[in-house]
Amino acid sequence: MLAICSVWLPALPLPAGRSLAPWLPLLGLALALGLHDGQLDAIAVAGIVLLGFAARGTTHAPHAWQRRSLLAFTLLLALLLALHRWPGFHNVLVIPSAAISADARPFMLFANLDKGSAGLLLLALLAPRCHAWREWRESIARTLLPGLATIVLVMGVGWFTGLVKPALKWPVFTVEFLAINLLLTVVAEEAFFRGVIQQRLQSALQGMRGGSGLALMASALLFGAAHFGGGMTYAAIAGLAGLGYAWVFQRSGRIEAPILLHFTLNAVHFLAFTYPALA
């Protein structure tokens, strides 16, 4: 989680004019500690290292066909890690199965190192980020109203369809939940769906009329489809939220806008409505 936060820090100077991104040694430390504590097996580390080399190759390989092939492999490997299908990870259970309120579905919370690592690598190596405070200010200014509209619309539809209802709360594990949700869930999902898929589709369809809109819709539909595990209604509402995230990414051109919107919507859902849904 510290490695993810350090993505926005400047590179560390090294001799001979070289530099080192701060997230890289922090990720290495996390993997070493994971191996020592039994949270990782060697094959898990191999998967993370393989993803890092593949993601870097999507922009540094000498030939276009190599970059395209590596991009497809990067997306597949990142998806396997995010869906916990790559072996060797023993993620920590932070919150055992519990219902926050009497009428809510029970849920469990894991600190998913596989999904978090995939998000870190996509964020650091492929997603367009802000590099100055001016870019942060412009990004927030362009997306504030669309973001507020997205939150009101998504939670309103969730309430109208009976998926959730207002339920103000502050559980004892709120800080842990919000930190894990932001850094190990939201960053990974936005880096994948917006930072890679939507960005690459926008570039590929740049000369096509309505290409940006197609990239936006594809990103949102795929995001909704990824939430089918929660049921059809949940997936549809997730797709609606994905439209908002894709919209602010298109307007800002930076990954921070959809990350902040996605996290804010999740926080509103968790703190002010039934979480994750009515039983």
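This text gives an overview of the structure that appears in the document. In this text, all values refer to a predicted model and were calculated from it rather than measured experimentally.

### Description of the packing of helix α4 (residues 64–82) against helix α7 (residues 174–204)
Okay, step 1: It is the contact of α4 with α7, at a shortest axis distance of 12 Å, that shows an interaxial angle of 160°. It follows from the interaxial angle that α4 and α7 lie roughly antiparallel. Relative to α7, the crossing made by α4 is left-handed. Where α4 approaches α7, its residues Leu-71, Leu-75, Ala-78 and Leu-79 are matched on the opposing element by Phe-192, Val-196, Ile-197 and Arg-200.
Okay, step 2: Considered class by class, the residues forming the contact of α4 with α7 number 7 nonpolar, no polar and 1 charged.

### Re the packing of aromatic side chains
Okay, step 1: Taken as a whole and assessed by the stated rule, the structure comprises 12 aromatic pairs.
Okay, step 2: Ring centres 6.4 Å apart and planes at 65° place the aromatic pair Phe-107 and Phe-173 in the edge-to-face group. With Phe-107 in strand β4 (residues 107–111) and Phe-173 in the loop between α6 (133–160) and α7, this residue pair connects regions lying 66 residues apart in the sequence. Judged on exposure class, the residue Phe-107 and its partner Phe-173 are both buried.
Okay, step 3: Three or more aromatic residues joined by ring pairs make a cluster, and in this case those are Phe-107, Phe-173, Phe-177, Phe-270 and Tyr-275.

### Comments concerning the pattern of salt bridges
Okay, step 1: In the structure shown here, the tally under the stated rule is 5 salt bridges.
Okay, step 2: Asp-103 is the salt-bridge partner of Lys-165, the closest N and O atoms lying 3.0 Å from each other. With a gap of 62 residues between them, Lys-165 in the loop between α6 and α7 and Asp-103 in the loop between β3 (92–98) and β4 connect regions that are remote in the sequence.
Okay, step 3: Residue class for Lys-165 comes out partly exposed when judged on its relative accessible area of 37%.
Okay, step 4: Among the residues examined, Asp-103 registers a relative accessible area of 27% and is labelled partly exposed.
Okay, step 5: Between Glu-138 and Arg-134 there is a salt bridge, with the nearest N and O atoms lying 3.4 Å from each other. Here Glu-138 pairs with Arg-134, and both are found in helix α6, just 4 residues apart, close to one helical turn.

Procedures and definitions
Residues numbered from 1 in each chain as written. Predicted model: local features only at pLDDT ≥ 70, side-chain atom pairs only at ≥ 80, totals over all residues. Heavy atoms only, no water. Axes fitted to C-alpha atoms, helices over the stretch in contact; angles between N-to-C directions. Helix = DSSP H or I, 4+ residues; strand = E, 2+ residues; numbered from the N terminus. Parallel < 35°, antiparallel > 145°, perpendicular 65-115°, else oblique. Left-handed = near helix turned anticlockwise from the far one by under 90°. Contact = heavy atoms within 4.5 Å. Nonpolar A, V, L, I, M, F, W, Y, C, P; charged D, E, K, R; others polar. Phe/Tyr/Trp six-rings, centres within 6.5 Å; stacked < 30°, edge-to-face > 60°. Buried < 20%, exposed > 50% of the residue type's maximum accessible area, 1.4 Å probe, protein only. Salt bridge = Lys/Arg side-chain N within 4 Å of Asp/Glu carboxyl O.

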